[in-house]
Amino acid sequence: MLELVVLISGAGSNLRALLDATLDAEYPARVVAIGADRDAEGLQLGEDYSIPTFTVPFSRFDSRAEWGRELAAQIRPWTPDLLVLSGLMRLLPPAVVSEFGPAIINTHPAYLPEFPGAHGVRDALAAGVTETGASVIKVDDGVDSGPILAQERVPVLPGDSASTLHDRIKPVERRLLIQTILDIANGTTDLKGTPSA
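Owing to the predicted nature of the structure, the values given are computational and were not obtained by experimental measurement.

Reading guide: rules and limits
Residues numbered from 1 in each chain as written. Predicted model: local features only at pLDDT ≥ 70, side-chain atom pairs only at ≥ 80, totals over all residues. Heavy atoms only, no water. Phe/Tyr/Trp six-rings, centres within 6.5 Å; stacked < 30°, edge-to-face > 60°. Buried < 20%, exposed > 50% of the residue type's maximum accessible area, 1.4 Å probe, protein only. Lys NZ or Arg CZ within 6 Å of the ring centre and 35° of its normal. Helix = DSSP H or I, 4+ residues; strand = E, 2+ residues; numbered from the N terminus. Pairing = 2+ DSSP bridges. Axes fitted to C-alpha atoms, helices over the stretch in contact; angles between N-to-C directions. Contact = heavy atoms within 4.5 Å.

### Remarks on the packing of aromatic side chains
Using the criterion set out here, one finds 1 aromatic pair in the structure. Residues Phe 58 and Trp 67 carry aromatic rings whose centres are separated by 5.4 Å and whose planes lie at 70° to one another, so their mutual orientation is edge-to-face. Overall, Trp 67 belongs to the buried group, its relative accessible area being 0%. In this arrangement the basic side chain of Arg 153 is found over the ring face of Tyr 111, its NZ or CZ atom lying 3.8 Å from the centre.

Structure below.
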């Protein structure tokens, strides 16, 4: 049974889907703690699903490295088998990646390496592409640059806004995340054996 710590910044829609998946006794993972870099709406899911939460507000620290040290201190007691970034809108400092890697994964609303960064959906629309996608990657020190573990194309439809396109990407992102964690638990995906980017 994989024990997961999930880090969020927002409403936690991917996290909710993952928590629902873990309610199935056959699903080989469970979330032991939920962390956030701000007072995120998704922290309410901790109460809803009886899971401990913690917050390490980025704004309270003078540097990303200092924030990372406190974040690592909050994660460490849970000794997670896998750290899941689920809408965390902040780059992990290298020291955090080094400590918890290679067992860190992240979801991204684009077909990487296309449109990395915080505005993947908006950037895809601005580029005028006919399709984008969703990806799950192993986290490295770059911006959405780690090895790709799973991805799937999503069409861009005429008249799409960032909101409508993102609404179609999210279900794919959730499904890929749940399947990737299942594959890691079953040994189908070996994070240690996945080459670094």
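The rest of the description comes next.
### Remarks on unusual backbone geometry
Residue Pro 102 is bonded to the preceding Gly 101 through a cis peptide linkage, with omega at 5°. Mapped onto the secondary structure, Pro 102 falls in the loop between α4 (94–100) and β5 (104–108). Leu 112 connects to Pro 113 through a cis peptide bond whose omega is 10°. By the element assignment, Pro 113 lies in the loop between β5 and α5 (120–127). In this model, Asp 144 sits at a positive phi of 55°, which is unusual for a non-glycine residue. Along the chain, Asp 144 turns up in the loop between β6 (131–138) and β7 (148–155).

### Focus on the sheet that holds strand β2 (residues 29–36)
With mixed pairing, 7 strands are arranged side by side in an open sheet as β3-β2-β1-β4-β5-β6-β7. At either end of the open sheet lies a strand with only one pairing partner, and these are β3 (53–55) and β7. Neighbour-to-neighbour, the strand axes of the sheet open up by a mean angle of 20°, direction not taken into account. As defined by bridge partners, β5 adjoins β6 across 4 bridges and the pair is classed as antiparallel. Residue pairing for β6: Thr 107 is matched across the bridge by Val 136. Running over the sheet, helix α1 (residues 13–22) touches β1 (2–8), β2 and β5 and is turned about 155° from β2.

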